[in-house]
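# Secondary and tertiary structure notes
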Amino acid sequence: MSTVFALVDCNNFYASCERVFAPSLQGKPIVVLSNNDGCVIARSAEAKAAGVPMGAPAFKCRDLFARRGVTVFSSNYALYGDMSARVMSVLTRMAPRLEVYSIDEAFLDLTGLPGGADAHARHIKETVGRWTGIPVSVGIGPTKTLAKLANRAAKKRPACGGVLDFSALPDPEALLESVPVADVWGIGRRHGEKLAKYGVANALQFRDLPQVFVRRHMTVQGVHTLLELRGFSCIDLEKAPPPPRTLMSSRSFGKAVTTLEPLSEAVADYIARAAARLRAKRLVAGGLEVYVRTYADASGRPPSSDIAAAAPQSPTAHTATLIALAQAALAGIFRPGQRYKKAGVILTGLEPESGRQLSLLDPEPANAARDARLMATLDAINAKWGRDTLRCAAQGASVTGQSWAMRQNMRSPRYTTDWAELPVVTAG
DNA sequence: TCTGGGGTCCTAGGACCC
DNA sequence: TCTGGGGTCCTAGGACCC
C-alpha cells in the first residue's frame, strides 16, 4: 500500500504563540519582527488583511501599524521553541510515524488509519488546538510535495475547515493550475523566473514538462519534485534526522561597529552560543569559520563580506579554545575604517564526542578531561540559573550593555521558560 | 535609520594520485 | 608538430528550505 502523507503546519505560528498568552488580541492584527526588529516575519490573519506585507522592513510600516492598530512584537524564540515542542509532543501521540520538519511543521504518516486520513486529520487539528491553543492546517497527499500543496490550499479555502486531501479532490489539475510554479516546494523564486522564460507559470505546466528538461536545468532535486507532483513518492519521511554537519551563530548589530574590540566580543559571544548547542548535541567541532559583513557605504558601494577559517589541534567543544581561535581569525580579516553590520561564526567538521573518546590512534590532549568537566559545570549552572549566568570574559562584561547588542524593544515575556516571567492569572 | 538567522544539497572545477 | 583515463577529495558557488 502506498503511503499517505500529511503535513501539519501551524497557522501564522509566531503570531499565534503571542496570542496564546494575550487572549485580548484574538481577532486583532498583530505582527512579529525579526531579530533587531528588522522586518516582519509573522502576521496574524487580520494583519495580512490590513495589508502588512511579509518581509517588509519594520521602519517602513510604522504608519500602517499606527493607522490600523497593529500590535507589534519583537521575536521571542524561547517562547516559540517551547510552544513548538508542545505541539510536536501532541502530534507524536497521534501518528505512528512523524518527522519534525521545522519549528512549525511536521510530516505525518497517516497510512491505513481507521476512519480515513481526512477524519483523523480533523481530529489532530482539533486536539492540537484544544491542548496548545495553536491553530493548525493539515494537507494530505500521496507524496510530501502534494501534501505541501494540499496544506497551502487548506489555508486558502475557508470552506475546507483547515484540512484538505489532495487525493479526494474532484479536479486535482485545477488545484495544480492555480499554484504559481515558484510556490511549489523545492522550486523557489530563481527557478521560477527561469521557468517563466520557457512559458511555465504554474504547477500543472511544470508537472507535464519532459524529465530531461527538468534534469538539465534543475539537477536531480528538480526531477524529484517533478515525480512527486505526478504522485510518485521520492522523498521519504525522515524519522531520526541525521546529526547536523555545521552549527552557525550570527547576528546583525544594533548599530554599526567600527573597532576590533566590540567585534571580538560579539564573535566570542556567538562562539559561546554555538559551542553550548554543540555540547547539548554531544558533538565536537573540527573547524570553524568567522565572517563579517559591512554596510553598503554612502557612495553606493555594495556591502562586502570577509571570511576566515581556523582549526583546533583536535576536535573540541571547549568554549575558550574555540574563542581564542575565532578571535585570532577575526583579527586577520578585520579592516580598520570599515563600518561592520554583522558577524557570525560557523562550527564545521562536526563529529560525535563519543567517537573520539574511543580512539586509540589519536589520544586526547592531557587537559581534555579537565576541559570537559569545566564545560559540563558551566552548562549545568546555566541550565539552572539562565543562559548567561556564567560567561567567558571575552564575551564582554554585561549581558545587555554591549555596544553591538541587537535591538529588541518589543519582546514579550518568556512565559513558559523563565520562572520570573510566568504569566499572572488574575481572579475576578 | 535603512530588510533575520540557521540550515541542506548538488555541481563544477582544480589538485592530486595511480 | 604537442599531453590518457580514471578515481578521490576539497572548495566555491548557487540553489533551496523554514
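Details of the structure are given in the entry above.
So, a few notes on the structure that sits alongside this text. (Residues numbered from 1 in each chain as written. Chains lettered and ligands numbered in written order. Predicted model: local features only at pLDDT ≥ 70, side-chain atom pairs only at ≥ 80, totals over all residues. Heavy atoms only, no water.)

Moving on: unusual backbone geometry. For residues that are not glycine, phi is negative in most cases, and the peptide bond is trans in most cases. Unlike most non-glycine residues, D37 shows phi in positive territory, near 50°. Structurally, D37 is set in the loop between β2 (30-33) and β3 (40-43). D37 gets classed as buried once you look at its relative accessible area, which sits at 7%. With phi around 55°, R282 is a residue other than glycine that occupies positive phi space. Residue placement: R282 occurs in the loop between α11 (260-280) and β10 (283-294). (Helix = DSSP H or I, 4+ residues; strand = E, 2+ residues; numbered from the N terminus. Buried < 20%, exposed > 50% of the residue type's maximum accessible area, 1.4 Å probe, protein only.)

Now for the sheet that holds β3. Strands sit in the order β3-β2-β4 across an open sheet of three strands; the sheet is mixed. The outermost strands of the open sheet, each flanked by one partner alone, are β3 and β4 (71-74). Adjacent strand axes in the sheet meet at a mean angle of 25° when their direction is disregarded. Both β2 and β4 contribute to a ladder of four bridges, which runs parallel. Across the sheet, the residue bridging to L33 is S74, located in β4. Lying on the sheet, helix α1 (residues 13-20) is in contact with β2, β3 and β4; it crosses β2 at an angle near 115°. (Pairing = 2+ DSSP bridges. Axes fitted to C-alpha atoms, helices over the stretch in contact; angles between N-to-C directions. Contact = heavy atoms within 4.5 Å.)

Take helix α4 (residues 77-92) next. The end-to-end C-alpha distance of α4, which contains 16 residues, comes to 22 Å, matching closely the 22 Å that a straight helix rising 1.5 Å per residue would cover. Along α4, the residues that are buried comprise L79, Y80, M83, S84, V87, M88, V90 and L91. For α4, the angular spread of the buried residues around the axis is 160°, confining them to a single face. (Expected span 1.5 Å × (residues − 1). Arc of directions from axis to C-beta.)

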